[in-house]
Amino acid sequence: MLQPETLAFLRDLADHNNREWFQNNRPRYEKARKDFESLVAGVLSAMAPVMDMGNTQVKDCIFRINRDIRFSKDKSPYKKYLSAGLGPGGRNSGRIDFYLHIQPGGESFLGGGMWETRPELLAKYRQEVDYNAAELKAIIEDPVFRRFYPEVWGEVMKTAPKGYPKDHPEIGLLRRKQLFFMHKFPDRELHSPGLVDKIIEGVVLLKPFCDLLNYIFFDEATEEDLSL
């Protein structure tokens with residue numbers, strides 16, 4: 001669970017997003033960061049029985065709070081949230097894994113899926129949907145999955161992608177440029193002793209979807225290469 005002071009710091013940071021305020025409140029940030037690190041450590045430990053985490057450490061998972069403002073109109077120097085990439089290898093694994101986002105105001109969530117997908121990987125996804133959508137649909141349309149992840153997030157094309165007919169039976173899935181699921185946590189739940197268990201519940205439900213995407217994007221090609 002997280003301490004109330006962590007969310008209080010993030011609320012204040014959102015209202016005073018400048019370097020002078022941040023430096024004056026750095027002790028509060030360090031306390032919030034350590035609190036978040038403790039949460040991530042608990043999650044990583046609880047994930048170990050679910051998947052092989054290798055030697056993934058907390059420091060491998062947590063994203064910096066500094067924003068990259070080089071190409072942004074918003075010059076606020078800091079993120080208004082704390083975040084971590086959860087999975088073997090952490091935030092830079094290069095694979096589809098789990099993303100934990102902590103932001104006050106009911107904006108905290110656990111999520112995963114296709115988000116910033118490269119065109120060649122999106123083509124692989126569509127090929128799989130065209131060839132065999134049943135496995136994907138069995139995962140994301142399962143009632144237990146949808147109760148935890150009630151909404152589908154992400155950009156959808158206005159028309160059919162090139163090479164696919166508009167009346168394709170799986171046109172809804174084919175038109176997706178992003179396919180992402182998230183479970184939101186109200187602020188009060190972040191302070192609950194059961195927070196880690198709730199996150200792991202979400203990881204277990206989302207893992208088959210992430211595993212399938214990783215197979216389509218990366219592992220299927222490797223298997224084909226080995227069979228040659």
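What this report covers is the structure whose coordinates are included nearby. (Residues numbered from 1 in each chain as written. Predicted model: local features only at pLDDT ≥ 70, side-chain atom pairs only at ≥ 80, totals over all residues. Heavy atoms only, no water.)

## Observations concerning the environment of Asn214
So, point 1. Among the structural elements, Asn214 can be located in helix H10 (residues 195-227).
So, point 2. Note on Asn214: relative accessible area 6%, which makes it buried.
So, point 3. Separated by 154 residues in sequence, Asn214 and Asp60 place their C-alpha atoms 20 Å apart.
So, point 4. Leave out the neighbours within four places in its chain, and Asn214 touches Arg95, Ile96 and Asp219. (Helix = DSSP H or I, 4+ residues; strand = E, 2+ residues; numbered from the N terminus. Buried < 20%, exposed > 50% of the residue type's maximum accessible area, 1.4 Å probe, protein only. Contact = heavy atoms within 4.5 Å.)

## Some remarks on the pairing of strand S3 (residues 108-114)
So, point 1. The element S3 is extensively covered by neighbouring structure, given that seven of its seven residues are classed as buried.
So, point 2. Both strand S2 (residues 98-102) and S3 contribute to a ladder of three bridges, which runs antiparallel. Of the residues in S3, the one forming a bridge with Leu100 is Leu110.
So, point 3. Note: S3 against strand S5 (residues 179-185), seven bridges, orientation antiparallel. Among the inter-strand pairings, Leu110 is bridged to a residue of S5, identified as His183. (Pairing = 2+ DSSP bridges.)

## Here's the deal with the sheet that holds strand S4 (residues 152-153)
So, point 1. Spatially, five strands are ordered S1-S2-S3-S5-S4 in an open sheet, and the strand pairing comes out antiparallel. Two strands in the sheet have a free side with no partner beyond their single neighbour: strand S1 (82-86) and S4.
So, point 2. Each of S1 and S2 touches helix H3 (residues 26-47); the most contacted strand, S1, lies at about 20° to it. (Axes fitted to C-alpha atoms, helices over the stretch in contact; angles between N-to-C directions.)

## Quick look at the pattern of salt bridges
So, point 1. Under the definition given, this model contains 15 salt bridges.
So, point 2. A salt bridge links Glu37 to Arg33, with the shortest nitrogen-to-oxygen separation between them at 2.6 Å. Of the two residues, Glu37 and Arg33 both sit in helix H3, four residues apart, roughly one turn of that helix.
So, point 3. Assessed through its relative accessible area of 25%, Glu37 is described here as partly exposed.
So, point 4. Two residues, Arg95 and Asp219, come together in a salt bridge whose shortest N-O distance is 3.0 Å. Of the two residues, Arg95 sits in the loop between S1 and S2 while Asp219 sits in helix H10, which places them 124 residues apart along the sequence.
So, point 5. Overlapping salt bridges, with partners in common, bring together Arg26, Glu30, Arg33 and Glu37 in one network. (Salt bridge = Lys/Arg side-chain N within 4 Å of Asp/Glu carboxyl O.)

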